[in-house]
Amino acid sequence: MRILTPSKKILLSISMFGLTYNINAQDQNITLNQDSKFEQLLNDKRKINTSISTNETYKIQIFSGKSEEAKKTLSNFKREFNPIDGTIIFNTPNYKVIVGNFKTRIEAERNLEEIKKKYKSVFLVKPSK
């Protein structure tokens, strides 16, 4: 094994210090180019996550019947009542169109009255606890 002389130790220490002095890993600027569709997907996911039922919200059922009629009813509903979200649920043997995600019964009943003007067999679905 070779033993370094004191002058070589000092020279080696200074050169190592000089090399590490110029390393600046944390001083980099990063530019992220993100596709606009990514932000849209993220917003859609947030919307879906908020609409996932925890059975603590009131909903309104506006239709129960065949698949094609349920799709048509949901499409018409979304056109007429844009801010209220809706979905189709299959419950043997019928497809049900359930709309809304209301936190209080009062809010649900207000919307129920508006929806009753356009749809016949409409009723409130209570949260199950």
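So, here is what we can say about the structure in this document.

Cut-offs applied
Residues numbered from 1 in each chain as written. Predicted model: local features only at pLDDT ≥ 70, side-chain atom pairs only at ≥ 80, totals over all residues. Heavy atoms only, no water. Helix = DSSP H or I, 4+ residues; strand = E, 2+ residues; numbered from the N terminus. Buried < 20%, exposed > 50% of the residue type's maximum accessible area, 1.4 Å probe, protein only. Contact = heavy atoms within 4.5 Å. Areas by Shrake-Rupley, 256 points an atom, 1.4 Å probe, with all protein chains shown as cover. Pairing = 2+ DSSP bridges. Axes fitted to C-alpha atoms, helices over the stretch in contact; angles between N-to-C directions. Expected span 1.5 Å × (residues − 1).

### A word on the overall build of the protein
Item 1. Of the regular secondary structure elements, the protein holds four helices and four strands.
Item 2. Starting at the N terminus and ending at the C terminus, the protein contains elements arranged as α-α-β-α-β-β-α-β.
Item 3. Every one of the 129 residues in the protein was classed for burial, and the buried ones make up 20%.
Item 4. A fraction of 64% describes how many contacts in the protein between residues 6 or more apart in sequence connect residues 24 or more apart.
Item 5. In the form shown here, the protein has an accessible surface area of approximately 11,000 Å², with 55% of it arising from carbon and sulfur atoms.

### As for the sheet that holds strand 2 (residues 86-91)
Item 1. One open sheet accounts for four strands, arranged 2-3-1-4; its pairing is antiparallel. In the strand order of this sheet, the two ends are held by strand 2 and strand 4 (123-125), each with one partner. For this sheet the average axis-to-axis angle between neighbouring strands, irrespective of direction, equals 40 degrees.
Item 2. Summarising the sheet, strand 1 (residues 58-65) and strand 3 (residues 94-102) pair through six bridges and their orientation is antiparallel. In the sheet register, isoleucine 60 faces strand 3, and the bridge partner there is valine 99.

### So, unusual backbone geometry
For residues that are not glycine, phi is negative in most cases, and the peptide bond is trans in most cases.
Item 1. Here the residue pair threonine 92 and proline 93 is connected by a cis peptide bond, since its omega of 0 degrees sits within 30 degrees of zero.
Item 2. Considering the arrangement of structural elements, one finds proline 93 in the loop between strand 2 and strand 3.

### Points about helix 4 (residues 105-116)
At 3.6 residues per turn, the α-helix brings residues three or four places apart onto the same side.
Item 1. The first and last C-alpha atoms of helix 4 sit 16 Å apart over 12 residues, in line with the 16 Å expected at 1.5 Å per residue.
Item 2. Packing partners of the buried residues in helix 4 comprise strand 1, helix 3 (67-80), strand 3 and strand 4.

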